[in-house]
Amino acid sequence: FIYPAVITFVAMLVVGGLLTYVVPQVVAVFRDSHQTLPWLTRALIGLSDFLRATGIYWLAGLIVAAWAARRALQNETLKFRFHRYLLRIPVLGHFVRDTDTARLASTLAILANSGVPLLPALQAGAGVVANLPLRRAVEDAARMVREGVSLSRALGHGKLFPPAMIHLIASGEAGGRLGQMLDQSARQQSQMMQQRLAVLTGLLEPLLILAMGGVVLVIVLAILLPIFEMNQLIH
């Protein structure tokens, strides 16, 4: 995500510089000519004046909003609700689930293959899960395993983990190869995460470039249209 983030940041700087510095200087020439400007140019002038007058307040508002969001997420209840909402977002939710599932399965596989009992392994596995609803599901699974429930049924109870992972764990428990199946599940979830990440970044990069090009094109057209009209009047 570094490349899309850099493109977004540079695009915001370029557009902000054009609207607050370049556009006012160019448009001042058109205002002095007292000609009727095209609607696109008038809209651009209005947006430029608005940003120059209120830009500092918008920046301050964004800083305050970011600070407030960070403080709010320190509350466990709000953080839990936010993490639960993340899981419902179509693309991002799958990415978050695959990431934490791969971490959990990999940790459990390492500990199981090292001879660590299942309950301590689940407690350690819960610590590597970042999403709070998924972490709570692992903690609930640990309590169910303590009561005699199988790991596959315990993890499948909350219906938060992928069915493929539950199926592999059940197969490992039935065949006495739990560590091997957990390791296979970790590799499978990691591959799915990498595939979704590749698709997401592959879509983001051209979309961001097209969006930036479209914004710059609109600004250039808004500046050139009055020049074209002035040339027509001269001829």
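To be clear, the structure that these remarks concern was listed above.
Residues numbered from 1 in each chain as written. Predicted model: local features only at pLDDT ≥ 70, side-chain atom pairs only at ≥ 80, totals over all residues. Heavy atoms only, no water.

Asks: Run through the overall build of the protein chain, naming residues and quoting values.
Replies: For the protein chain, the helix and strand inventory stands at nine helices and zero strands. Taking 18 Å as the expected radius of gyration for a compact globule of 235 residues, we find that the protein chain reaches 27 Å, considerably beyond that expectation. Taken over the C-alpha atoms alone, the protein chain extends approximately 90 × 35 × 25 Å along its principal axes. Out of the 235 residues in the protein chain, the part that is buried amounts to 31%. Distance from the positive charge centre (20 side chains) to the negative charge centre (12 side chains) of the protein chain: 6 Å. (Helix = DSSP H or I, 4+ residues; strand = E, 2+ residues; numbered from the N terminus. Rg over C-alpha atoms; globule rule 2.2 N^0.38 Å. Buried < 20%, exposed > 50% of the residue type's maximum accessible area, 1.4 Å probe, protein only. Lys, Arg positive; Asp, Glu negative; His and termini not counted. Charge placed at Lys NZ, Arg CZ, Asp CG, Glu CD.)

Asks: I'd love a proper account of the nonpolar core, names of residues and values included.
Replies: Formed by 27 residues in total, the largest nonpolar core has its most connected members in Leu-155 and Phe-161. Here this core takes seven residues from helix H6 (residues 132–146), the largest share from any one element. (Core = buried A, V, L, I, M, F, W, Y, C linked by side-chain atoms within 4.5 Å.)

Asks: Tell me about a positive patch on the surface, and please be specific about residues and values.
Replies: Where like charges cluster on the molecular surface, the positive patch consists of Arg-81, Arg-84, Arg-88 and Arg-136. Looking at where Arg-88 falls in the secondary structure, it is placed in helix H3 (residues 76–88). Judged by its relative accessible area of 62%, Arg-88 is exposed. (Patch = residues over 30% accessible without salt bridge, like charges linked within 9 Å, V, L, I, M, F, W, Y side chains within 5 Å. Areas by Shrake-Rupley, 256 points an atom, 1.4 Å probe, with all protein chains shown as cover. Salt bridge = Lys/Arg side-chain N within 4 Å of Asp/Glu carboxyl O.)

Asks: Describe helix H8 (residues 163–175), naming the residues involved and giving the relevant values.
Replies: Between its terminal C-alpha atoms H8 stretches 18 Å, which fits the 18 Å expected from 13 residues at 1.5 Å a residue. Downstream of H8 by a residue or two, Gly-176 has a phi angle that is positive, lying close to 70°. (Expected span 1.5 Å × (residues − 1).)

Asks: Just give me the short version of the layout of surface pockets, but keep the residues and values in it.
Replies: Estimated volume of the largest pocket: approximately 320 Å³. In terms of lining residues, the largest pocket is bounded by Met-12, Leu-13, Gly-16, Gly-17, Thr-20, Leu-51, Arg-52, Gly-55, Trp-58, Leu-59 and Leu-62. Broken down by secondary-structure element, the contributors of at least two residues to the lining of the largest pocket are helix H1 (2–33) and helix H2 (39–72). A per-element tally of the lining of the largest pocket places H2 first, with six residues. (1 Å grid on protein atoms, 1.4 Å probe; cavity = no way out; pocket = protein on both sides within 12 Å on 5 of 7 lines; lining within 4 Å. Points joined across faces, edges and corners; volume = space filled by probe spheres on them.)

Asks: Could you give me a rundown of the environment of Met-181, with the residues and numbers involved?
Replies: Looking at the secondary structure, you find Met-181 in helix H9 (residues 178–234). Sequence separation between Met-181 and Pro-38 is 143 residues, and the spatial gap between their C-alpha atoms is 67 Å. Not counting the four nearest positions on each side in its chain, Met-181 is found in contact with Leu-168, Ser-171 and Gly-172. (Contact = heavy atoms within 4.5 Å.)

Asks: Got a sec to walk through the packing of aromatic side chains? Specific residues and values, please.
Replies: Counted by the stated rule, this structure contains one aromatic pair. Over the ring of Phe-80 we find Arg-136; its NZ or CZ atom is 4.2 Å from the centre of that ring. (Phe/Tyr/Trp six-rings, centres within 6.5 Å; stacked < 30°, edge-to-face > 60°. Lys NZ or Arg CZ within 6 Å of the ring centre and 35° of its normal.)

Asks: Please give an account of the packing of H3 against H6 that cites residues and values.
Replies: One can describe the packing of H3 onto H6 by two numbers: an axis separation of 7 Å at closest approach and a directional angle of 100°. Compared by their axis directions, H3 and H6 come out roughly perpendicular. Only Leu-132, Pro-133, Leu-134 and Arg-136 of H6 make contact with H3, whose side of the interface consists of Glu-76, Lys-79, Phe-80, His-83, Arg-84 and Leu-87. Class assignment for the residues of the contact of H3 with H6 results in five nonpolar, one polar and four charged. (Axes fitted to C-alpha atoms, helices over the stretch in contact; angles between N-to-C directions. Parallel < 35°, antiparallel > 145°, perpendicular 65-115°, else oblique. Nonpolar A, V, L, I, M, F, W, Y, C, P; charged D, E, K, R; others polar.)

Asks: Account for helix H5 (residues 118–127), with residues named and values stated.
Replies: Taken residue by residue, H5 has Ala-121, Leu-122, Gly-125 and Ala-126 as its buried positions. On an axial view of H5, the arc spanned by its buried residues comes to 140°, and they lie on one face. Among the exposed residues of H5, those pointing more than 90 degrees away from its buried face are Gln-123 and Gly-127. Where H5 is buried, its residues touch helix H4 (90–113), H6 and helix H7 (151–156). (Arc of directions from axis to C-beta.)

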